[in-house]
Amino acid sequence: MKLGVLRQEVLEANLELVRRGLVLYTFGNASGIARDEGLVVIKPSGVPYEKMKPEDLVITDLDGKIIEGILRPSSDLPTHLILYRAFAGIGGVAHTHSRHATAWAQAQKEIPCLGTTHADYFHGPVQLTKPLTPKEIRSGYEVNTGHAIVRRFKNQQPLHSPGILVADHGPFCWGTTPADAAHNAVILEEIAAMALETIAANPKASSVSKHLHEKHFSRKHGSTAYYGQK
Ligand SMILES: [Zn+2]
């Protein structure tokens, strides 16, 4: 993968989060990985999106060592790196504090699958990490955030549920590319908003049946998928 192309893709994924109203000011960050080179491209820390240029993005190795770039990388870089190392199939990560998904994270509630929009993208509820311990917060906070996510995904296929709510914090999403990760962040925000309104309309609303969930999920994923064009 040409790193110049990946820079452009990562910039575009970051801008998509802005366009879709998922981030305010300098909140949020998206990254992408060139697997063959073992290099990660990530948003710089604290630079306004409207002024961001491809050359402002920071390239690091999987240990976080800066390979290219004069700006500091996003402070969440260590979380992204843990995810890239643990989830071999992912090519992009997007983190936001989008309002509805963050509301569920702050409420420390996973998002139940209340309909087919959710079932199309997430296999099962949108999961929630355990809150970090005081020790995990005190040192290696961002690394420990990554570990909390990875622990929650033990024995699961990360691309079958391409995001998670970090307790008291907000969503981290991923995908096969930076654009796919940003797309999943947008979808998660929509699912989170729909679920809140569903529960407001009917506090007793229940999760969709397993049959409906499996039907919708398998239309888009796996060997028998038939949604969209070949
Ligand atoms: Zn955050």
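The structure contained in this document is the topic of the report that follows.

About the thresholds
- Residues numbered from 1 in each chain as written.
- Predicted model: local features only at pLDDT ≥ 70, side-chain atom pairs only at ≥ 80, totals over all residues.
- Heavy atoms only, no water.
- Helix = DSSP H or I, 4+ residues; strand = E, 2+ residues; numbered from the N terminus.
- Rg over C-alpha atoms; globule rule 2.2 N^0.38 Å.
- Buried < 20%, exposed > 50% of the residue type's maximum accessible area, 1.4 Å probe, protein only.
- Contact = heavy atoms within 4.5 Å.
- Areas by Shrake-Rupley, 256 points an atom, 1.4 Å probe, with all protein chains shown as cover.
- Lys, Arg positive; Asp, Glu negative; His and termini not counted.
- Charge placed at Lys NZ, Arg CZ, Asp CG, Glu CD.
- Salt bridge = Lys/Arg side-chain N within 4 Å of Asp/Glu carboxyl O.
- Donors = N, O, S within 2.8 Å, 3.2 Å for Na, K, Ca; no water.
- Pairing = 2+ DSSP bridges.
- Axes fitted to C-alpha atoms, helices over the stretch in contact; angles between N-to-C directions.
- Disulfide = S-S within 2.5 Å.
- Phe/Tyr/Trp six-rings, centres within 6.5 Å; stacked < 30°, edge-to-face > 60°.

1. Let's talk about the overall build of the protein
- Counting its regular elements, the protein contains eight helices and seven strands.
- In terms of overall dimensions, the protein is globule-like: its C-alpha atoms have a radius of gyration of 17 Å, near the 17 Å expected for 230 residues.
- Expressed along its principal axes, the backbone C-alpha trace of the protein runs to roughly 50 × 45 × 35 Å.
- The buried share of the protein, reckoned over its 230 residues, is 47%.
- Long-range contacts, defined as pairs at least 24 residues apart, comprise 62% of the intrachain contacts of the protein with a sequence gap of at least 6.
- Carbon and sulfur atoms make up 55% of the accessible area of the protein, which amounts to about 11,700 Å² in all.
- Distance between charge centres in the protein, computed from 25 positive and 22 negative side chains, equals 5 Å.

2. Some remarks on the pattern of salt bridges
- This structure, assessed with the given rule, holds seven salt bridges.
- Residues Glu68 and Arg7 are paired through a salt bridge, measuring 2.8 Å at the closest nitrogen-oxygen approach. Here Glu68 is found in strand β4 (residues 66–68), whereas its partner Arg7 is found in helix α1 (residues 3–19), with 61 residues between them in sequence.
- The class for Arg7 is buried, based on a relative accessible area of 11%.
- Put simply, Glu16 and Arg19 hold a salt bridge, and the shortest N to O gap is 2.9 Å. Of this pair, Glu16 and Arg19 both sit in helix α1, three residues apart, roughly one helical turn.
- Because the salt bridges share partners, they merge into one network encompassing Glu12, Glu16, Arg19 and Arg20.

3. As for the coordination of the zinc ion
- Ligation of the zinc ion by protein atoms is provided by His95 (NE2), His97 (NE2) and His169 (NE2), these donors lying 2.0 to 2.1 Å from the ion.
- One chain supplies every donor for the zinc ion, spaced along it as H-x1-H-x71-H.
- Assessed through its relative accessible area of 34%, His97 is described here as partly exposed.

4. What to know about the sheet that holds strand β1 (residues 29–34)
- Pairing is antiparallel in the open sheet, where seven strands are placed in the order β4-β3-β2-β1-β5-β7-β6. In this open sheet, the two edge strands, each paired with only one partner strand, are β4 and β6 (163–166). Between one strand axis and the next, the sheet turns by 25 degrees as a mean value, whatever way the strands run.
- When β1 meets strand β5 (residues 92–95), the two strands line up antiparallel, connected through four bridges. Bridge pairing in β5 links Gly32 to Gly92.
- Packing against the sheet, helix α7 (residues 178–201) makes contact with β1, β5, β6 and β7 (170–175), and its axis sits at approximately 140 degrees to β7.

5. Side note on the environment of Ile90
- You can see Ile90 is positioned in the loop between α2 (77–86) and β5.
- Among the residues examined, Ile90 registers a relative accessible area of 2% and is labelled buried.
- Spatially, the C-alpha atoms of Ile90 and Trp174 are 6.6 Å apart, while their sequence positions differ by 84 residues.

6. Considering the state of the cysteines
- Counted by the stated rule, this structure contains zero disulfides.
- Here Cys113 is not cross-linked by a disulfide; its sulfur's nearest cysteine counterpart is in Cys173, at 15 Å.
- Owing to a relative accessible area of 4%, Cys113 belongs among the buried residues under this scheme.

7. Brief notes about the packing of aromatic side chains
- If you walk through the whole model with that rule in mind, you get three aromatic pairs.
- For the pair Phe87 and Trp174, a centre-to-centre distance of 5.1 Å together with 55 degrees between the ring planes defines the contact as tilted. Of this pair, Phe87 sits in the loop between α2 and β5 while Trp174 sits in strand β7, and the two are 87 residues apart along the sequence.
- For Trp174, a relative accessible area of 0% translates into the label buried.
- With centroids separated by 5.2 Å and ring planes inclined at 80 degrees, the aromatic side chains of Phe153 and Trp174 adopt a geometry described as edge-to-face. Of this pair, Phe153 sits in the loop between α6 (141–152) and β6 while Trp174 sits in strand β7, placing them 21 residues apart in sequence.
- The class for Phe153 is buried, based on a relative accessible area of 3%.

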